[in-house]
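Topology and contacts: notes
Okay, here's what each chain looks like letter by letter:
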Amino acid sequence: MTSETPESFATELRCIDCGMAAPLGYRLQCSFCGGLLELAYDETALARRGPGVLAGTGLWRYAPVLPIADPAHRVTLGEGRTPLLECPALARHLGVRRLRVKFEGPNPTGTVKDRSSTTAVAAALQFGFTATSVVSSGNAGSSIAAYSARAGLRSLIFAYEKASAPKLLHMAATATDLVIYQGVYDDLITLWDRLVEDRLFFDCGASRNAYKHEGKKTIAYEIAEQMGWRVPDVVVAPVAVGETFIAAHRGFSEMERLGWIARRPLMVAAQATRANAVASAWRENRPLQPLRIGYTVAEGLAAGNPGRKGEWVLRILRETSGVAGDAEDEEILRAQALLARAEGIWAGPTGVAALAVLQRLLAEKAVDPDASICVIVSETGLKTEAPPPSRQGIAFDEESLRRLVRERLGIGG
Ligand SMILES: [Zn+2]
């Protein structure tokens, strides 16, 4: 094996509830208690080798802490290695000491989903599946379809009827089969999840598959590596079902145990107010209760029933003194405009929800403005559908053009 194809140190699956171990295989829950599974690694070897065990570029640089053994299965479209942007103007605007944005828009399909799609589709190859499927509001669907195409697998994508036109176009172009469903994510996911048991396709959903989930852990590794194996004091992550939040926390905790970083950051869970099952349960200190939700501009956060992953997010928040919050659609759209104008970062509403929630938590004094803060902005704005500004064109001659330029730039005479 060359240094460009580092080996995986994955050893087994382990139940997050009862701790029962299971061999590495396509298993979606604990056979003993039905709990969710997470991957375990040879941490003694990883601690001994240190970050020097990493090799190559992009997401598969982190292959030692991912569960894909054969380098031939490591399908890639060039995901990962997204920028960690210092945002001084935005920090001044929010009144915080130091703010960074981990911007996931530059991923191949424009979202953080590519991190989990690459390991999901790689795992589908690893376990000999020929088809993938997912239920999506748009981002996961286009991402899974693209990675499945890249791997030569069929993809059966169920897409939200209110998904934006750019996302639907993207899915139609890349999916083998695209089916539009009525209602919201929660309406279909329970039925689809039952079909997963029939093994007609590889489960690329967000609710159970540990192999898919694991790819998103690389966002934590990348943030730490980009900061020279240090971490911010606070990381704000969006929560729909909880995959990005849980995986980021997993990554930071793992690095802390391995001694690669000194301590993990405080995690903040960010939701849209119109789909705030986790944030409201956290605030009211009660168990998770599914919500019946309507439309939110943060389409990717439109899940009212995060299920067991939602409970996992709550467990992390309670065990680590984390914080949860939510933001109204209007606040999310204002945060989108602010991020674009203040820092030139154009993100979709799903992507900036975490920033909107941070603003609210700062106003409520629930987050320390003297902390160094990193906000995960999970998607590009280029796949968002919105009415364009006026298309009323102006006819120019040289003189009227000169006049307009001087006027707009405030140049007198
Ligand atoms: Zn168990």
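Structure shown above.
Quick summary incoming for the structure in this document.

The rules we used
Residues numbered from 1 in each chain as written. Predicted model: local features only at pLDDT ≥ 70, side-chain atom pairs only at ≥ 80, totals over all residues. Heavy atoms only, no water. Helix = DSSP H or I, 4+ residues; strand = E, 2+ residues; numbered from the N terminus. Expected span 1.5 Å × (residues − 1). Buried < 20%, exposed > 50% of the residue type's maximum accessible area, 1.4 Å probe, protein only. Contact = heavy atoms within 4.5 Å. Core = buried A, V, L, I, M, F, W, Y, C linked by side-chain atoms within 4.5 Å. Pairing = 2+ DSSP bridges. Axes fitted to C-alpha atoms, helices over the stretch in contact; angles between N-to-C directions. Donors = N, O, S within 2.8 Å, 3.2 Å for Na, K, Ca; no water. Tetrahedral: all angles 85-135°; square planar, octahedral: opposite > 155°, others 65-115°. Patch = residues over 30% accessible without salt bridge, like charges linked within 9 Å, V, L, I, M, F, W, Y side chains within 5 Å. Areas by Shrake-Rupley, 256 points an atom, 1.4 Å probe, with all protein chains shown as cover. Salt bridge = Lys/Arg side-chain N within 4 Å of Asp/Glu carboxyl O. Parallel < 35°, antiparallel > 145°, perpendicular 65-115°, else oblique. Left-handed = near helix turned anticlockwise from the far one by under 90°.

The next thing to look at is helix α11 (residues 307-319). Taking 1.5 Å of rise per residue, the 13 residues of α11 would be expected to cover 18 Å, and the 19 Å separating its terminal C-alpha atoms lies within 8% of that figure. Those residues of α11 not exposed but buried are K309, G310, W312, V313, L314, I316 and L317. Looking at the buried residues of α11, the elements they touch are β3 (37-41), α7 (210-215), α9 (243-258), β11 (266-272), α10 (277-283) and β12 (323-327). A positive phi of about 55° marks S321, the residue just after α11.

A word on the nonpolar core. A general feature of soluble globular proteins is that nonpolar side chains tend to end up buried together. In terms of nonpolar packing, the biggest core is built from 136 residues, with F245, F252 and I373 touching the most fellow members. Not counting residues up to four positions away in its chain, the partners in contact with I373 are V96, R98, L99, R100, P232, V234, V236, L358, V367 and D368.

Picture the strands of a sheet paired through backbone hydrogen bonds; they go either parallel or antiparallel. Read across the sheet, four strands follow the order β8-β7-β6-β9 without closing on themselves; strand pairing throughout is parallel. A strand with exactly one partner marks an edge of an open sheet, and here the two such strands are β8 (177-181) and β9 (202-203). The strands that helix α4 (residues 139-151) touches are β6 (131-136) and β7 (154-160); relative to β6, the one it contacts most, it runs at about 165°. Those strands touched by helix α6 (residues 185-196) are β6, β7, β8 and β9, and its axis lies near 155° from that of β6.

Strand order in the open sheet formed by three strands is β2-β1-β3, with antiparallel pairing between adjacent strands. Edge strands, defined here as strands with exactly one partner in the open sheet, are β2 (21-22) and β3. Bridge count between strand β1 (residues 10-15) and β3: five bridges; the pairing is antiparallel. Residue pairing for β3: E12 is matched across the bridge by A40.

A separate point is the coordination of the zinc ion. Of the protein atoms, only C15 (SG), C18 (SG), C30 (SG) and C33 (SG) coordinate the zinc ion, at distances of 2.3 to 2.4 Å. One can describe the site at the zinc ion as tetrahedral: its four donor atoms subtend angles covering 99 to 116° at the metal. Within one chain, the residues serving as donors to the zinc ion are arranged as C-x2-C-x11-C-x2-C. Owing to a relative accessible area of 5%, C30 belongs among the buried residues under this scheme.

What follows is about a nonpolar patch on the surface. On the surface, I394, F396, L401, V405, L409 and I411 cluster together into a nonpolar patch covering about 560 Å² of accessible area. By the secondary structure assignment, I394 is in the loop between β13 (372-377) and α14 (398-408). Note on I394: relative accessible area 54%, which makes it exposed.

One way to put it is that helix α8 (residues 218-226) packs onto α9 with a least axis distance of 6 Å and a crossing angle of 55°. The orientation of α8 with respect to α9, classified from their angle, is oblique. Considering how the two elements wind past one another, α8 and α9 form a crossing that is right-handed. The segment α8 lies against α9, with I219, A220, Y221, I223 and A224 engaging A248, G251, F252, E254, M255 and L258.

With 15 residues, helix α13 (residues 349-363) should reach 21 Å at 1.5 Å per residue; the first-to-last C-alpha distance of 20 Å fits that figure. The element α13 is extensively covered by neighbouring structure, given that twelve of its 15 residues are classed as buried. Of the positions making up α13, those classed as buried are P349, T350, G351, V352, A353, A354, L355, A356, V357, L358, L361 and L362. At the C-terminal side of α13, K365 shows a positive phi close to 60°.

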